[in-house]
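Survey of secondary and tertiary structure
Here are the chains, one letter per residue:
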Amino acid sequence: MRILILGGDGYLGWPQALYLSQKGHEVAVFDNLARRQFDLRHGIDSLVPIFPMQRRIARWQALTGKTIAHYHGDMVDWEALSKVFQTFQPEAVVHFAQQRSAPFSMIDREHAVYTQQTNVVGTLNLLYAIKEFAPDCHLVKLGTMGEYGTPNIPIEEGYIEITHKGRTDTLPFPKQPGSFYHLSKVHDSHNIHFCCRVWGLRATDLNQGVVYGADTYETLLDPELATRFDYDQVYGTALNRFCAQAAVGHPLTIYGKGGQTRGCIHVKDTVRCIELAIENPAAPGEFRVFNQITEWFSVAQLAERVQRVGQKMGLDVQISHLPNPRVEKEEHFYEVVHTKLLDLGLEPHLLDDAEIERMISLSMEHRDRIDMGQIKPTVNWRATENEVEPTQTDAALLPAT
Ligand code: NAD
Ligand code: USQ
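To keep things clear, this report deals only with the structure shown in the data block. All values reported here derive from a predicted model rather than from experimental measurement.

Contacts to ligand 2 come from 23 residues, most closely from Thr 144, Tyr 181, Ala 238, Thr 253 and Glu 328. One nitrogen or oxygen atom from the side chain of Thr 144 is found 2.6 Å from an oxygen atom belonging to ligand 2. Side-chain polar atom of Tyr 181 to an oxygen atom of ligand 2: 2.6 Å apart, as the coordinates give it. For ligand 2, the accessible surface in isolation is 730 Å², of which the surrounding protein chains cover 95%. If you list the elements that add at least two residues to the shell around ligand 2, you get helix H7 (180-199), helix H8 (238-248) and strand S10 (252-255). Broken down by class, the residue content of the shell around ligand 2 amounts to nine nonpolar, nine polar and five charged.

A separate point is the site of ligand 1. Taken together, the neighbourhood of ligand 1 is formed by 28 residues, with Leu 12, Asp 31, Arg 100, Tyr 181 and Lys 185 sitting nearest. Separating an oxygen atom of ligand 1 from a backbone N or O atom of Phe 96 is a distance of 3.4 Å. Calculation on ligand 1 without its partners gives an accessible area of 820 Å², and the protein chains cover 97% of this total. Those elements giving two or more residues to the shell around ligand 1 turn out to be helix H2 (34-42), strand S5 (138-144), H7 and strand S9 (210-212). For the shell around ligand 1, the per-class residue count stands at eleven nonpolar, ten polar and seven charged.

Before going further, it helps to examine the environment of Asn 125. Tracing the backbone through its elements, the reader meets Asn 125 in helix H6 (residues 109-133). When near neighbours in sequence (up to four residues on either side) are disregarded, Asn 125 contacts Met 75, Val 76, Asp 77, Trp 78 and Leu 81. There is a polar contact of 2.9 Å between the side chain of Asn 125 and the backbone oxygen of Met 75. Reaching out from Asn 125, the side chain makes a polar contact with the backbone oxygen of Val 76 at a distance of 3.3 Å.

It is worth spelling out the pattern of salt bridges at this point. Pairs can form between side chains of opposite charge once their charged atoms are near each other. All told, the structure shown has 22 salt bridges when counted by the stated rule. Notably, a salt bridge pairs Lys 312 with Asp 353, separated by 3.2 Å at the nearest N-O pair. One end of the pair, Lys 312, is in helix H10 (residues 299-312); the other, Asp 353, is in helix H12 (residues 353-365), and 41 residues separate them in sequence. By relative accessible area, which is 60% here, Lys 312 ends up exposed.

Our focus in this paragraph is helix H3 (residues 53-64). With twelve residues, H3 should cover 16 Å at 1.5 Å per step; its first-to-last C-alpha distance of 16 Å lies within 8% of that length. Of all the residues in H3, the buried ones are Met 53, Arg 56, Ile 57 and Trp 60. Down the axis of H3, the buried set is contained in an arc of 95 degrees. They therefore lie on one face. Summarising the geometry of H3, the exposed residues directed more than 90 degrees from the buried face are Gln 54 and Ala 62. Contacts made by the buried residues of H3 are with helix H1 (13-22), strand S2 (26-31), H2 and strand S3 (68-72). Note on H3: the residue one or two positions beyond its end, Gly 65, has a positive phi of about 80 degrees.

On to the environment of Arg 326. Following the sequence through the fold, Arg 326 ends up in the loop between strand S14 (319-322) and helix H11 (340-344). When the C-alpha positions of Arg 326 and Ile 160 are compared, they lie 28 Å apart, and in sequence the two are 166 residues distant. Each residue touching Arg 326, except ones within four places of it in the same chain, is listed here: Ala 102, Pro 103, Tyr 255, Trp 381 and Arg 382.

Before going further, it helps to spend a moment on the sheet that holds strand S13 (residues 295-298). Picture the strands of a sheet paired through backbone hydrogen bonds; they go either parallel or antiparallel. With mixed pairing, the three strands of this open sheet are ordered in space as S9-S11-S13. Only two strands of the sheet have a single neighbouring strand rather than two, namely S9 and S13. Each neighbouring strand pair of the sheet contributes to a mean axis angle of 45 degrees, computed without reference to strand direction. Pairing geometry for S9 and strand S11 (residues 261-266), over three bridges, is parallel.

Conventions used here
Counting restarts for each chain: residues are numbered from 1 in the order of the written sequence. Numbering of ligands from 1 and lettering of chains from A proceed in the order in which they are written. It should be noted that, the model being predicted, local features are given only for residues of pLDDT at least 70 and side-chain atom pairs only at 80 or more, the latter also being counted only at that level, while totals for whole chains, interfaces and linings use all residues. Side-chain measures here rest on the full set of heavy atoms in the structure, leaving out hydrogens and waters. For this description, a residue counts as near a given molecule or strand if any of its non-hydrogen atoms is within 4 Å of it. Here a polar contact means two N or O atoms within 3.5 Å. Within protein one must be a hydrogen donor candidate and the other an acceptor candidate, and residues neighboring in sequence count only if both atoms are side-chain atoms. For the area figures, the Shrake-Rupley method with a 1.4 Å probe applies, and any residue is considered shielded solely by the protein chains shown. Counting from the N terminus, the helices are DSSP H or I runs at least four residues long and the strands are E runs at least two residues long. The classification used treats Ala, Val, Leu, Ile, Met, Phe, Trp, Tyr, Cys and Pro as nonpolar, Asp, Glu, Lys and Arg as charged, and all other residues, Gly among them, as polar. Only heavy atoms enter the contact rule, under which two residues are in contact if any of them lie within 4.5 Å. Between Lys or Arg on one side and Asp or Glu on the other, a salt bridge is scored when a side-chain nitrogen of the former is within 4 Å of a carboxyl oxygen of the latter. When a residue's accessible area, from a 1.4 Å probe over protein chains only, is under 20% of the maximum for its type it is buried; when over 50% it is exposed; and in between it is partly exposed. The span you would expect from a helix comes to 1.5 Å times its residue count less one. Directions from the helix axis toward the C-beta atoms define the arc. A pair of strands is labelled paired if DSSP reports no fewer than 2 bridges between them. Here, axes are lines fitted to C-alpha atoms. For helices the fit covers the stretch in contact, and angles between N-to-C directions go from 0 to 180 degrees.

This is the structure we're talking about:
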């Protein structure tokens, strides 16, 4: 199939491009390099060195003989997006190209506006591009488990059957997102659902949990194929951060009590889930939702596992409980239905000690690249203005558009 990967330079988009290319699909990537620009402007970098897109693609071609087409462009630029649709004529499109950090979206008004503009307007442009240039194309959209929040009932896969005043209907599951970023995903879900109903588009919304892991089978083929690994307070996610912290002797940064529980998934399973969604497309007019997680942990459980593995490796790993910079429940019920991808054939890579050891070892290998000043959380959900270290003007933190 001809598959277009939007956000193909990112943590997940790049391994996805390699995985689908390896499987024999014709792959194109589209990215505006906003994520790399954020790093440059902010003076941070991926823990694992990553290579420019052109070099990554050339290396892949030299190793496998397979080509990946590369388009530079912004989702909010209608001309750029429509051009890639007209040129490449995708049969499936995977949409990763968003501002995906919750802390970034909570820095201040400017960052909230940037996040919702790039995410919501980008997806709206995409829906129009599919309608106008490739109406049969299957949209595989990365949503997030955080759309649901942490309700006191089990989380269903997108929809819930409700009986109210004697009448019954199946309705979208209630949403209680916890940041302007997570809210942008809820707005996207509504827009996509609407376009499936009204225009007959076909879409799968993958409500994915927190991703961990540094590599896939394809990225491991060569250091030049590595994907990014973020440990900083804005883009680093919990488990990846804890492993990097263990490697440099920084106490593990649990926010608050640590009972916050989240669905998790290894990056190797992310790439397979998306393949499964593509191979088994939604029908015209259908808006499907899959909960893309393989298991769940509290933040404290993750920290304890990293501490235990780190100690086995001879490291002195301490755990700290910081005042929670976020507004979220720190102790709550959590249960998620996630059978649809398993039914399609997903065989999960569950979190084991070997994986944690791999991430700690990798962090130790690159420990000279870790900036200790980027670890402590400074973005507070309650503040209207947040300062993010190192101090820069707000404008300098925003990717160029
Ligand atoms: P990432 O920031 O590493 O990658 C996103 C890519 O999209 C970057 O290369 C960036 O340059 C590009 N991009 C951003 N805005 C763009 C725009 N307007 N136009 C074109 N390109 C743009 O993020 P990731 O971790 O790879 O996440 C990818 C997707 O998966 C996101 O939508 C995210 O919400 C979702 N997701 C991620 C996780 C996770 O833990 N990483 C978990 C659940 C869902
Ligand atoms: N947390 C800590 N210490 C840390 C970092 C995080 O205790 O050092 C806690 C947070 O308070 C939160 C939980 O860990 O309760 C998860 O935080 P995170 O930063 O790992 O993940 P989150 O902000 O939810 O966002 C990430 C991705 C996002 C994706 C989301 C999936 O950045 O793109 O949508 O995971 S989910 O969480 O299921 O919504």
